[in-house]
Amino acid sequence: MSISPSVFHALGKLIGRKLLVVIDRDFGYEGIVTAVSQHPPGLWMSEAEAVILRSSLANPLPQVASREKRSELFINLNSVLRIEVLHKQQ
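Keep in mind that what you see is a predicted model, and the values were worked out from it rather than measured.

Attention now goes to the environment of Asn76. Topologically, Asn76 is positioned in strand β4 (residues 63-76). Residue classification places Asn76 among the partly exposed residues on the basis of a relative accessible area of 28%. The contacts of Asn76, once residues within four sequence positions are left out, are Pro40, Pro41 and Gly42. Within the structure, Asn76 has its side chain in polar contact with the backbone nitrogen of Asn78 (distance 2.8 Å).

Cis rather than trans, the peptide bond between His39 and Pro40 has omega equal to -5°. Of note, Pro40 is situated in the loop between β2 (27-37) and β3 (42-54). In this model, Glu47 sits at a positive phi of 50°, which is unusual for a non-glycine residue. Following the sequence through the fold, Glu47 ends up in strand β3. In this structure Glu47 comes out as exposed when scored by relative accessible area, which is 60%. Positive phi, close to 70°, is recorded for Ser71, a residue that is not glycine. If you trace the backbone, Ser71 turns up in strand β4. By relative accessible area, Ser71 is classed as partly exposed at 48%.

This paragraph deals with the sheet that holds strand β5 (residues 82-85). Strand order in the open sheet formed by 5 strands is β4-β3-β2-β1-β5, with antiparallel pairing between adjacent strands. Looking at strand neighbours, the two that pair on one side only are β4 and β5, the edges of this open sheet. Across the sheet, the axes of successive neighbouring strands diverge by a mean angle of 30°, strand direction being ignored. Where β2 lies against β3, 9 bridges are found, and the strand directions are antiparallel. The residue bridging Tyr29 from the neighbouring strand is Ala50, located in β3.

Okay, the confidence of the model for the protein chain next. Predicted confidence across the protein chain gives a mean pLDDT of 89, with 93% of residues reaching 70 or more. When mean pLDDT is taken per element in the protein chain, β2 scores highest with 95 and helix α1 (residues 5-12) scores lowest with 85.

Turning our eyes to something else, we now look at the nonpolar core. Among the nonpolar cores identified, the biggest contains 15 residues, and Leu19, Val21, Leu43, Ile75 and Leu77 are the most heavily contacted of them. The set of elements that each furnish at least two residues to this core consists of α1, β1 (18-24), β2, β3 and β4. At 4 residues, β3 tops the list of elements feeding residues into this core. Not counting residues up to four positions away in its chain, the partners in contact with Leu19 are Leu14, Tyr29, Glu30, Gly31, Val33, Leu43, Met45, Ile83, Glu84, Val85 and Leu86.

What counts, and where the lines are drawn
- Counting restarts for each chain, with residues numbered from 1 along the sequence as it is written.
- This being a predicted model, a pLDDT of at least 70 is required before a residue's local features are given, and a value of 80 or more before pairs of side-chain atoms are given or counted; all residues contribute to the totals for chains, interfaces and linings.
- Here the side-chain values reflect all heavy atoms present in the structure, with hydrogen atoms and water set aside.
- Working definition: helices are DSSP H or I runs of at least four residues, strands are E runs of at least two. Numbering for both runs from the N terminus.
- Burial status follows relative accessibility: with a 1.4 Å probe on protein chains alone, a residue under 20% of its type maximum counts as buried, one over 50% as exposed, and anything between as partly exposed.
- Here, two residues are considered to be in contact whenever any of their heavy atoms come within 4.5 Å of each other.
- Pairs of N or O atoms within 3.5 Å make up the polar contacts considered here, provided that, within protein, one atom can donate a hydrogen while the other can accept it, and that residues adjacent in sequence are counted only when both atoms are side-chain atoms.
- We treat two strands as partners when DSSP finds at least two bridges between them.
- The convention used is that axes are lines fitted to C-alpha atoms, helices contributing only their stretch in contact, and that angles between N-to-C directions extend from 0 to 180 degrees.
- As a per-residue measure, pLDDT reflects the predictor's confidence and takes values from 0 up to 100.
- To define a nonpolar core, start from buried Ala, Val, Leu, Ile, Met, Phe, Trp, Tyr and Cys residues and group those joined through side-chain atoms within 4.5 Å.

Rendered as structure tokens:
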């Protein structure tokens, strides 16, 4: 699978931002992007947490149900379903 160079350009602009990276319907990682790698294609994250996502009929948008500290990690882009930029709460 080939990933467009424009994807890496867009992800590079997110360095230093907090993201939620969804791996499958019920699981993902939340953390701060520290670097973007093209070979292998992926994201390096710091202050990362593994998150369990849950949804219901009343609230179909997945919400974080639990968290577990992970420190730093690498996420291969070939296994990512969705990336969400998290905004700072004021």
